[in-house]
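As a plain string of letters, each chain reads:
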Amino acid sequence: NSICLSDGFEATGRVNLRGTKCDLDLICQNASITNQQQDLTGHALICDNASINGNINLGENFSGTGSVTCRGTRIGGNFEAVGGSFQSLFSELPHQ
């Protein structure tokens, strides 16, 4: 089965798919995930150590505010982000 966070899906806070096993695709189109924590833990989408046998699609009007992580993730297809919008919370931190 595919995981579909699409067609108007909205989340405030992190979406945690750590360790998820998905036979097909992870689809996040026309979706918004916003995590505005200012304590350096502002993850929007966590897919670490997941196994996605198909594609990960974060394009076509996907909006992520906060980090998107896929550390250690096995992706059987493509990682697609064309048309997606990504905003890091930490780009505005003062430089030290």
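Please refer to the structure higher up on the page.
Everything numeric in this text was worked out from a predicted model, so none of it was measured.

Engineer: How should I be thinking about the packing of aromatic side chains in this particular structure?
Structural biologist: In this description, an aromatic ring pair is defined by two values, namely the gap between the centres and the angle between the planes. In this structure the tally under the stated criterion is 1 aromatic pair. Residues F62 and F86 carry aromatic rings whose centres are separated by 5.6 Å and whose planes lie at 50° to one another, so their mutual orientation is tilted. Residue F62 is found in the loop between β9 (56-57) and β10 (63-65), and its partner F86 is found in strand β14 (residues 85-87); the two are separated by 24 residues along the sequence.

Engineer: Even after reading the chapter, I still don't get the pairing of strand β7 (residues 43-46), so can you show me in this structure?
Structural biologist: Side-chain positions along a regular strand alternate between the two faces of the sheet. Bridging between strand β3 (residues 15-16) and β7 involves 2 bridges; their strand directions are parallel. Along β7, the bridge assignment pairs V15 with L45. Looking at chain direction, β7 and strand β11 (residues 67-69) are connected through 3 bridges and run parallel. Each residue of the ladder has a partner; that of I46, found in β11, is T69.

Rules used throughout
- Residues numbered from 1 in each chain as written.
- Predicted model: local features only at pLDDT ≥ 70, side-chain atom pairs only at ≥ 80, totals over all residues.
- Heavy atoms only, no water.
- Phe/Tyr/Trp six-rings, centres within 6.5 Å; stacked < 30°, edge-to-face > 60°.
- Helix = DSSP H or I, 4+ residues; strand = E, 2+ residues; numbered from the N terminus.
- Pairing = 2+ DSSP bridges.

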